[in-house]
Amino acid sequence: MYGEIQDLERLKIFMETHIYAVWDFMSLLKTLQRHLTCVEIPWRPAKVDKRLTRLINEIVLGEESDRDESGAVMDHFSLYREAMIELGADGEKIERFIGTLDFDLLRPAVAEFVRFNLKLCFERPVYEVAAAFLWGREKLIPDMFQGLLNKLEEQKVCSDKLRYYIQRHIDLDGGEHSHLAFECLEILCEGDAGKWEDAVAVGRESLILRSKLWDDVLAQFHERQGHLVS
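Residues numbered from 1 in each chain as written. Predicted model: local features only at pLDDT ≥ 70, side-chain atom pairs only at ≥ 80, totals over all residues. Heavy atoms only, no water.

Asks: Sorry, what's going on with the side chain of Ser159 here?
Replies: Mapped onto the fold, Ser159 is located in the loop between helix 7 (141–155) and helix 8 (160–189). Owing to a relative accessible area of 7%, Ser159 belongs among the buried residues under this scheme. (Helix = DSSP H or I, 4+ residues; strand = E, 2+ residues; numbered from the N terminus. Buried < 20%, exposed > 50% of the residue type's maximum accessible area, 1.4 Å probe, protein only.)

Asks: When you look at the state of the cysteines in this model, what are you seeing that I'm missing?
Replies: Put plainly, a disulfide is one covalent bond tying together the sulfur atoms of two cysteines. Enumeration according to the criterion identifies zero disulfides in this entry. Free cysteine: Cys189, not disulfide-bonded; nearest cysteine sulfur from Cys184 at 9.5 Å. Its relative accessible area of 0% is what places Cys189 among the buried residues. (Disulfide = S-S within 2.5 Å.)

Asks: Help me out: how do you make sense of the environment of Arg124 in this one?
Replies: Mapped onto the fold, Arg124 is located in the loop between helix 5 (108–123) and helix 6 (126–138). Residue Arg124 is classed as partly exposed on the basis of its relative accessible area of 39%.

Asks: Please explain the environment of Ile19 as it appears in this structure.
Replies: For Ile19, the location among the structural elements is in helix 1 (residues 8–36). On the accessibility criterion, Ile19 (1% relative accessible area) is buried. With 75 residues separating them in the primary sequence, Ile19 and Ile94 have C-alpha atoms 7.3 Å apart. With residues up to four places along the chain from it excluded, the contact list for Ile19 reads Phe77, Tyr80, Arg81, Met84 and Ile94. (Contact = heavy atoms within 4.5 Å.)

Asks: Hey, could you run me through the pattern of salt bridges in this one?
Replies: Should the charged atoms of two oppositely charged side chains come close, the side chains can pair. Counted by the stated rule, this structure contains 20 salt bridges. The residue Arg81 makes a salt bridge to Glu95 at a minimum N-O spacing of 2.9 Å. On the criterion of sequence distance, the pair formed by Arg81 in helix 3 (residues 76–87) and Glu95 in helix 4 (residues 92–100) is long-range, its members being 14 residues apart. Given the relative accessible area of 33%, Glu95 is considered partly exposed. Residue Glu112 is joined to Lys212 by a salt bridge in which the shortest nitrogen-to-oxygen separation is 3.5 Å. Taken together, the positions of Glu112 in helix 5 and Lys212 in helix 9 (residues 193–229) put the pair 100 residues apart, joining distant regions of the chain. Since its relative accessible area comes to 38%, Lys212 is described here as partly exposed. Residues joined in a network through salt bridges with shared partners are Glu9, Lys12 and Arg224. (Salt bridge = Lys/Arg side-chain N within 4 Å of Asp/Glu carboxyl O.)

Rendered as structure tokens:
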């Protein structure tokens, strides 16, 4: 897919789909935080291995209250939205969806991807959420974004905000967050072979759905090209 991002219009199409993965990543993360820390009032110590509390809070700090390219405090979703605005991509669709959770607003591949992750958050055990978080996101992102950044630089279609966002994730997820997420999953599975088997299955499904998401981006590239030709 990266090889097909050959101009600004295709980059905008990519971002208008990818923003949903940026958004529901935070739901996975905050689900882990709800399970592994105390976010209720009155506060009580979370009944988990205390290493889990620290691991997930470190990731939340970097994802929900990082700094942007100018040093201002900002969550990564908002940073990505600003990059979309800078490039002229449509950010209103994701805002309408967040406000309504109306899946009819989404393309089928996007709806399937988001439904899977939200279903994990609401219905599945915490170690399966951690598996999707690790293998479907944190482990995957550094290599994925390096390939994307290389292509964008080659085509000279990257904005300062998007370049910063991508490089920040390459650095954070490759150097820190992926290791924290793996340790979190390892502790949650407690050496239980059955849990590891379930976790691997969830990770595999996460990757399959991510692949379908990118296939849909490619389909949109070709749909738009067909309209231009006709």
